[in-house]
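Summary of the model geometry
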Amino acid sequence: MQKRPNVYVTRMIPEAPITVLKEHCDVEINPDDRPLTRQELLAKVRGRDAVLSLLTDIIDDEVFLAAGPQCKVFANYAVGFNNVDVAAATKRGVIITNTPGVLDNATAEIAWALLFAVARRVAEADKFARAGLFQGWGPMMFLGQEIMGKTLGVIGTGRIGSKMARGAQGFGMRVLCCDEFKKTELEKDLGATYVDKDTLLKESDYVSLHTPLMPSTTHLISDREFKLMKKTAILINSSRGPIVDEKALVRALQAGEIWGAGLDVFENEPAIEPELRTMDNVVILPHIASATIEARTQMGMIAVRNIIKVLNGEAPETCVNPEVLKNS
Ligand SMILES: NC(=O)c1ccc[n+]([C@@H]2O[C@H](COP(=O)([O-])OP(=O)(O)OC[C@H]3O[C@@H](n4cnc5c(N)ncnc54)[C@H](O)[C@@H]3O)[C@@H](O)[C@H]2O)c1
């Protein structure tokens, strides 16, 4: 009988994809609900045929070396793959896959949830009411900003940014977009206008970030950009933390250069700039944008199908370094 492939999963994900994986492979899963330490990761990948990794795992050449030359694929349980040294993987012939598409709704929904929460001061008012401070309706209590009819600026109109932009239609908003690649359907369907980043920042009431994290997008929003924004503007980041210069964000909020921020991701996650945690005009979420049952299950299904396909000698569905496939 042929030996079953040996797969390591760096942290528990929903049961359904794991069940499918177990039908085809011997599977070991990190039993603790926490990221592996570096030493644990290096030890646990050793001798595996495939690894299902998370965005909290740094997957670099040392990890590929530790895994060994038999290891064919790292299936990253995220659409973003900034935690993986893709060039090193390609050099070693290791296939890297991600999970695009299935978390677009979930992520756009969190961006909208943050936008509403900051504009209408939902978290702040909730905290107030829970603290027993509600003494009755007040004409000046928690005055926020309306969303309908305002201008939404979307930076990065890929899969998730497009979903975000489409949500604006229901609120009768003007939509400004910034992306090297124009989506004509957003112009046609929403009357969206593509502009450069500075114009978007100057004219938008709400700015939502949806680019991948790359060298070119690191600190895409910093001191200069905050100075361009409206004093009433709200910044929403559900992409990756380092896209916003977090210290510059603190400075901008302290100086009143913008009105507020809604953040799902942080520059040095899980650390958060301490000042942000004290500000009532900032809503902070612990990186939960894709945390719906639907998205997390489907992310697992894609990752598992990719692993099974690669181990069967087939091309995976979503490969981020397809040049490896050409050479194999
Ligand atoms: N918070 C979360 O849990 C969470 C969940 C899902 C995705 N994300 C992040 O969201 C990112 C986007 O995901 P996606 O599936 O929409 O990716 P995508 O590749 O479909 O879209 C990204 C878009 O950004 C554009 N872009 C790149 N650099 C740009 C720049 N400098 N200015 C303007 N646009 C630029 C690209 O051209 C592309 O259209 C992911 O890379 C991931 O890091 C975060």
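Since the model is a prediction, treat every value here as computed from it, not as a measurement.

Quick word on the sheet that holds strand β11 (residues 260-263)
The parallel open sheet is built from seven strands, whose spatial order is β8-β7-β6-β9-β10-β11-β12. Here the strands that pair on one side only, and so sit at the sheet edges, are β8 (193-194) and β12 (282-284). Where strand β6 (residues 151-155) and strand β9 (residues 206-209) come together, four bridges link them in parallel fashion. When the bridges of β9 are listed, L152 appears paired with Y206. Its contacts with the sheet place helix α7 (residues 159-167) against β6, β7 (174-178) and β9, and it is angled at close to 175 degrees to β6. The sheet strands contacting helix α11 (residues 246-254) are β10 (234-237), β11 and β12, and the helix crosses β11 at an angle near 145 degrees.

Points about α11
All of the buried residues along α11 are E246, A248, L249, V250, A252 and L253. Against the buried residues of α11 lie α10 (223-228), β10, β11, α12 (274-278) and β12. Capping the start of α11, D245 holds a side-chain oxygen 3.3 Å from the backbone nitrogen of K247, two or three residues further along.

Let's talk about the nonpolar core
Ranked by internal contacts, the top residues of the largest apolar core, which has 29 residues, are I155, F226, L235, L249 and L276. Mapped onto this core, the elements with two or more residues apiece are β7, α9 (197-203), β9, α11 and β11. In terms of residue count, α11 provides more of this core than any other element does, five residues in total. If we skip the residues at most four places from it in the chain, L276 touches E246, L249, V250, L253, L263, V282 and I284. Counting 28 residues, the second-largest nonpolar core is a separate cluster that includes M164, A168, L186 and L190.

A few points about the site of the ligand
Neighbouring residues of the ligand: 27 residues in total, closest R159, I160, D179, S238 and D264. At a separation of 3.5 Å, an oxygen atom of the ligand approaches a polar backbone atom of G158. The side chain of H287 places a nitrogen or oxygen atom 3.0 Å from an oxygen atom of the ligand. Here the ligand loses 85% of its free accessible area of 870 Å² to cover by the protein chains. Counted by class, the shell around the ligand contains 11 nonpolar, 12 polar and four charged residues.

Here we look at the pairing of β10
Side chains I234 and I236 project from β10 onto one buried face, and the interleaved L235 and N237 project onto a second face that is buried too. By the bridge criterion, four bridges tie β9 to β10 in an arrangement that is parallel. Looking at β10, one finds that S208 is bridged to I236. Chirality of the crossover, the property in question, places the unit of β9, α10 and β10 among those that are right-handed. Here four bridges tie β10 to β11, and the two strands are oriented parallel to one another. From the neighbouring strand, I234 faces β11, where its bridge partner is G260.

Observations regarding the side chain of T318
Here T318 shows up in the loop between α13 (293-311) and α14 (323-327). Accessibility expressed as a relative area gives 14% for T318, which makes it buried. Of the polar contacts made by the side chain of T318, one reaches the backbone oxygen of N98; its length is 2.6 Å. Separated by 2.9 Å, the side chains of T318 and N306 make a polar contact. Residue contacts for T318: discarding those within four places in its chain leaves I96, T97, N98, P100, I302 and N306.

Digging into the layout of surface pockets
Approximately 220 Å³ is the volume attributed to the second largest pocket. Lining the second largest pocket are 15 residues; nearest its centre among them are K72, G93, I95, V310 and S328. Residue classes in the lining of the second largest pocket are distributed as eight nonpolar, four polar and three charged.

Regarding the pattern of salt bridges
Overall, the coordinates contain 24 salt bridges when judged by the stated rule. A salt bridge links R34 to D32, with the shortest nitrogen-to-oxygen separation between them at 3.4 Å. Residue classification places D32 among the partly exposed residues on the basis of a relative accessible area of 36%. In this structure, R34 and E40 form a salt bridge, with 2.9 Å as the shortest nitrogen-oxygen distance. Within the structure, one salt-bridge network assembled from shared partners comprises K197, D198, R224 and E225.

What counts and what doesn't
Residues numbered from 1 in each chain as written. Predicted model: local features only at pLDDT ≥ 70, side-chain atom pairs only at ≥ 80, totals over all residues. Heavy atoms only, no water. Pairing = 2+ DSSP bridges. Helix = DSSP H or I, 4+ residues; strand = E, 2+ residues; numbered from the N terminus. Contact = heavy atoms within 4.5 Å. Axes fitted to C-alpha atoms, helices over the stretch in contact; angles between N-to-C directions. Buried < 20%, exposed > 50% of the residue type's maximum accessible area, 1.4 Å probe, protein only. Polar contact = N/O pair within 3.5 Å; in protein donor to acceptor, adjacent residues only side chain to side chain. Core = buried A, V, L, I, M, F, W, Y, C linked by side-chain atoms within 4.5 Å. Near = heavy atom within 4 Å. Areas by Shrake-Rupley, 256 points an atom, 1.4 Å probe, with all protein chains shown as cover. Nonpolar A, V, L, I, M, F, W, Y, C, P; charged D, E, K, R; others polar. Right-handed = clockwise from strand over helix to strand, strands pointing away. 1 Å grid on protein atoms, 1.4 Å probe; cavity = no way out; pocket = protein on both sides within 12 Å on 5 of 7 lines; lining within 4 Å. Points joined across faces, edges and corners; volume = space filled by probe spheres on them. Salt bridge = Lys/Arg side-chain N within 4 Å of Asp/Glu carboxyl O.

Read these as spatial facts, not as claims about activity.
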